[in-house]
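Breakdown of the fold
Each chain is listed here by its residues.
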Amino acid sequence: MVVASAIVFLASLLIGALGIYVGARVIVGAGDYDHAIVTALIGAVIWAVVGFFVGWIPLLGPLLALLAYIAVINFRYPGDWTAAAMIGLLAWVTVLVVLYALAALGITGFEAVGVPGV
């Protein structure tokens, strides 16, 4: 059971990192997938920590978690807050497309680590 959970986590992380990679490549021209994997992992941890402490607050909690996630992208990639938000948005859309295709093929469920809300 632990091995299966680790495999699901790793696959989800790689899909989330793919979204960040595509977003960063398009928005700021950064093309390092390893950097995207670390960003996705840090983003997932920060999202979880902020969500744990303030996620229960209606509207404000999820917004603070999203802001923290965008802050991670802003810290890890060149550009300003707008570029970081656009990277996050493009990552979200990319992951949705990939997960939809994989779910339609019956390969995976519809979730990923490293991109919030997916």
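Quick summary incoming for the structure in this document. (Residues numbered from 1 in each chain as written. Predicted model: local features only at pLDDT ≥ 70, side-chain atom pairs only at ≥ 80, totals over all residues. Heavy atoms only, no water.)

1. Overview of the overall build of the chain
The number of helices and strands found in the chain is four helices and zero strands. Along the chain, helices (α) and strands (β) appear in the sequence α-α-α-α when read from the amino end. Projecting the C-alpha coordinates of the chain onto the three principal axes gives extents of approximately 35 × 35 × 25 Å. Looking at the 118 residues of the chain, the share that counts as buried comes to 31%. Counting contacts in the chain only where the partners sit at least 6 residues apart, residues at least 24 apart contribute 54% of the total. (Helix = DSSP H or I, 4+ residues; strand = E, 2+ residues; numbered from the N terminus. Buried < 20%, exposed > 50% of the residue type's maximum accessible area, 1.4 Å probe, protein only. Contact = heavy atoms within 4.5 Å.)

2. Thoughts on the packing of aromatic side chains
Evaluation of the coordinates by the stated rule reveals three aromatic pairs. Summarising the aromatic geometry, the rings of tyrosine 21 and tyrosine 33 are spaced 5.9 Å apart at their centres and angled 80° between planes, so their arrangement reads as edge-to-face. Separated by 12 residues along the polypeptide, tyrosine 21 in helix H1 (residues 2–27) and tyrosine 33 in helix H2 (residues 33–54) bring together distant segments of the chain. When its relative accessible area of 22% is taken as the criterion, tyrosine 21 is described as partly exposed. Arranged with centres 6.5 Å apart and planes meeting at 90°, the rings of tryptophan 47 and tyrosine 69 form a pair that is edge-to-face. Of this pair, tryptophan 47 sits in helix H2 while tyrosine 69 sits in helix H3 (residues 60–76), and the two are 22 residues apart along the sequence. Classification of tryptophan 47 as partly exposed rests on a relative accessible area of 29%. Judged by its relative accessible area of 2%, tyrosine 69 falls in the buried class. (Phe/Tyr/Trp six-rings, centres within 6.5 Å; stacked < 30°, edge-to-face > 60°.)

3. Things to note about the packing of H1 against helix H4 (residues 81–104)
For the pair H1 and H4, the least separation of the axes is 7 Å and the interaxial angle reads 135°. Between H1 and H4, the interaxial angle falls into the category oblique. Note on packing geometry: the crossing formed by H1 with H4 is right-handed. Each of Ile15, Gly16, Leu18, Gly19, Ile20, Val22, Gly23, Ala24, Val26 and Ile27 in H1 lies in contact with H4, whose residues at this interface are Ala83, Met86, Ile87, Leu90, Ala91, Thr94, Val95, Val98, Leu99 and Leu102. The residue makeup of the contact of H1 with H4, split by class, is 16 nonpolar, four polar and no charged. (Axes fitted to C-alpha atoms, helices over the stretch in contact; angles between N-to-C directions. Parallel < 35°, antiparallel > 145°, perpendicular 65-115°, else oblique. Left-handed = near helix turned anticlockwise from the far one by under 90°. Nonpolar A, V, L, I, M, F, W, Y, C, P; charged D, E, K, R; others polar.)

4. Description of unusual backbone geometry
The phi angle of most residues is negative, glycine excepted, and most peptide bonds adopt the trans form. With phi around 65°, leucine 59 is a residue other than glycine that occupies positive phi space. Looking at where leucine 59 falls in the secondary structure, it is placed in the loop between H2 and H3. Since its relative accessible area comes to 66%, leucine 59 is described here as exposed.

5. Let's talk about the environment of tyrosine 33
The class of tyrosine 33 is partly exposed, set by a relative accessible area of 28%. Taking the C-alpha atoms as reference, tyrosine 33 lies 18 Å from isoleucine 70; in sequence the two are 37 residues apart.

6. Considerations on the environment of leucine 90
Structurally, leucine 90 can be placed in helix H4. In this structure, the C-alpha to C-alpha distance between leucine 90 and valine 26, residues 64 residues apart in sequence, is 8.6 Å. Excluding residues within four positions of it along the chain, leucine 90 makes contact with Gly19, Val22, Gly23, Val26 and Ile27.

Keep in mind these values describe shape, not function.
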